[in-house]
Amino acid sequence: MGAATTTRKDGQSSDDHTTMLVRKIPDGSVIDHIAAGKALSVLRLLGNPQENGFTIAMVMNVTSSKMGKKDIVKVEGLEVSQEQVQRLALIAPRASVNIVRSYRVVAKRNAVPPRTLRGILSCTSPTCVSVRERDSAPSIFFLSGRSPLRYRCKYCGTELAEKEIISQLG
Ligand SMILES: [Zn+2]
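Residues numbered from 1 in each chain as written. Predicted model: local features only at pLDDT ≥ 70, side-chain atom pairs only at ≥ 80, totals over all residues. Heavy atoms only, no water.

### Topic: the sheet that holds strand E2 (residues 56-64)
- Read across the open sheet, the five strands follow the order E2-E3-E1-E4-E5; overall the sheet is antiparallel. The open sheet has two edge strands with one neighbour each: E2 and strand E5 (104-110). Each strand of the sheet is rotated relative to its neighbour by a mean of 20°, with strand direction disregarded.
- Where strand E4 (residues 96-101) lies against E5, six bridges are found, and the strand directions are antiparallel. Along E5, the bridge assignment pairs Val97 with Arg109. (Pairing = 2+ DSSP bridges. Helix = DSSP H or I, 4+ residues; strand = E, 2+ residues; numbered from the N terminus. Axes fitted to C-alpha atoms, helices over the stretch in contact; angles between N-to-C directions.)

### Notes on the coordination of the zinc ion
- At this site the zinc ion is bound by Cys123 (SG), Cys128 (SG), Cys153 (SG) and Cys156 (SG), with donor distances of 2.3 Å.
- Each of the four donor atoms bound to the zinc ion contributes to angles spanning 100 to 115°, and the resulting shape is tetrahedral.
- In the primary sequence, the donor residues of the zinc ion line up as C-x4-C-x24-C-x2-C. Here Cys128 is found in the loop between strand E6 (116-118) and helix H4 (129-132), whereas its partner Cys153 is found in strand E8 (residues 149-153), with 25 residues between them in sequence. (Donors = N, O, S within 2.8 Å, 3.2 Å for Na, K, Ca; no water. Tetrahedral: all angles 85-135°; square planar, octahedral: opposite > 155°, others 65-115°.)

### Here we look at the sheet that holds E8
- Reading across the sheet, the four strands line up as E6-E7-E8-E9 and stay open at both edges, with antiparallel pairing between neighbours. Across the chains shown, the open sheet's two edge strands, defined by having one partner strand only, are E6 and strand E9 (159-161). The sheet shows a mean angle of 30° between the axes of neighbouring strands, direction not considered.
- Of the strands in this sheet, E8 and E9 are in contact with helix H5 (residues 162-169), which crosses E9 at around 80°. (Contact = heavy atoms within 4.5 Å.)

### Quick notes on the environment of Ala111
- The topology assignment puts Ala111 in the loop between E5 and E6.
- Residue class for Ala111 comes out buried when judged on its relative accessible area of 10%.
- Along the sequence, Ala111 and Leu88 sit 23 residues apart, while their C-alpha atoms lie 6.3 Å from each other.
- Residues in contact with Ala111, not counting those within four places in the same chain, are Val85, Ala89, Ala92, Pro93 and Ala95. (Buried < 20%, exposed > 50% of the residue type's maximum accessible area, 1.4 Å probe, protein only.)

### Quick look at the nonpolar core
- Of all hydrophobic cores here, the largest spans 21 residues; its most connected members are Ile31, Val42, Val73 and Val97.
- Among the secondary structure elements, those contributing two or more residues to this core are strand E1 (28-35), helix H2 (39-45), E2, strand E3 (68-76), helix H3 (82-91) and E4.
- Counting residues per element, this core draws most heavily on H3, which supplies four residues.
- Contacts of Val97, omitting those with residues within four sequence positions, involve Ser29, Val30, Ile31, Val80, Val85, Leu88, Ala107, Lys108 and Arg109. (Core = buried A, V, L, I, M, F, W, Y, C linked by side-chain atoms within 4.5 Å.)

### Focus: the pattern of salt bridges
- Under the definition given, this model contains six salt bridges.
- Among the salt bridges present, the one from Arg150 reaches Glu159, with a minimum N-O distance of 3.4 Å.
- Beyond isolated ion pairs, a larger network of salt bridges with shared partners links Arg150, Arg152 and Glu159. (Salt bridge = Lys/Arg side-chain N within 4 Å of Asp/Glu carboxyl O.)

### Some thoughts on the confidence of the model for the protein
- In the predicted model, the protein carries a mean pLDDT of 84, and 86% of its residues have values of at least 70.
- Mean pLDDT across the secondary structure elements of the protein bottoms out at helix H1 (residues 17-22), with 49, and peaks at E9, with 97.
- The low-confidence segment residues 1-19, where pLDDT is below 50, has 26 contacts with residues more than four positions distant or belonging to other chains. (pLDDT = per-residue confidence, 0-100.)

### Digging into the environment of Glu162
- Among the secondary structure elements, Glu162 is positioned in helix H5.
- For the pair Glu162 and Leu90, spaced 72 residues apart in the sequence, the C-alpha separation amounts to 8.2 Å.
- Non-local contacts of Glu162, meaning those with residues more than four positions away in its chain, are made with Pro93, Arg94, Pro148 and Leu149.
- At 3.0 Å, the side chain of Glu162 and the side chain of Arg94 are in polar contact. (Polar contact = N/O pair within 3.5 Å; in protein donor to acceptor, adjacent residues only side chain to side chain.)

Below is the structure:
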């Protein structure tokens, strides 16, 4: 049973993907519908739980009917908080999080991007006051679109596209 459990820090890839896909975790979180290639960014956003002793299972580049290719991350023993799910929406806007207890899904949390972001994104306009005077004018962005994700700078109105947002955070 435990053989399918992997911590992928060492880049080993000998496990059978199918085994990892079907292996159920007793307690923790299953984060599905992550854009392909973003699993590591998701772990980073969660504070790299693998470095704090949590067991991680990762599946990358799985075929998905909805998304083409996707990544899946399972973290044993860690319940992703609502706040983390919100932040997750920024790098994995279509992610869904299942909270598992005793092998059963007890809650589903969909990633919902926050309406306002303070001090998280950086404006791309070099003349923006938040770029020139970071201390007196911390960055503030308002959600301006969900699919694809877009945020607009409070100060200068510059809009960041999903790709830019993901690259700043991922
Ligand atoms: Zn700006």
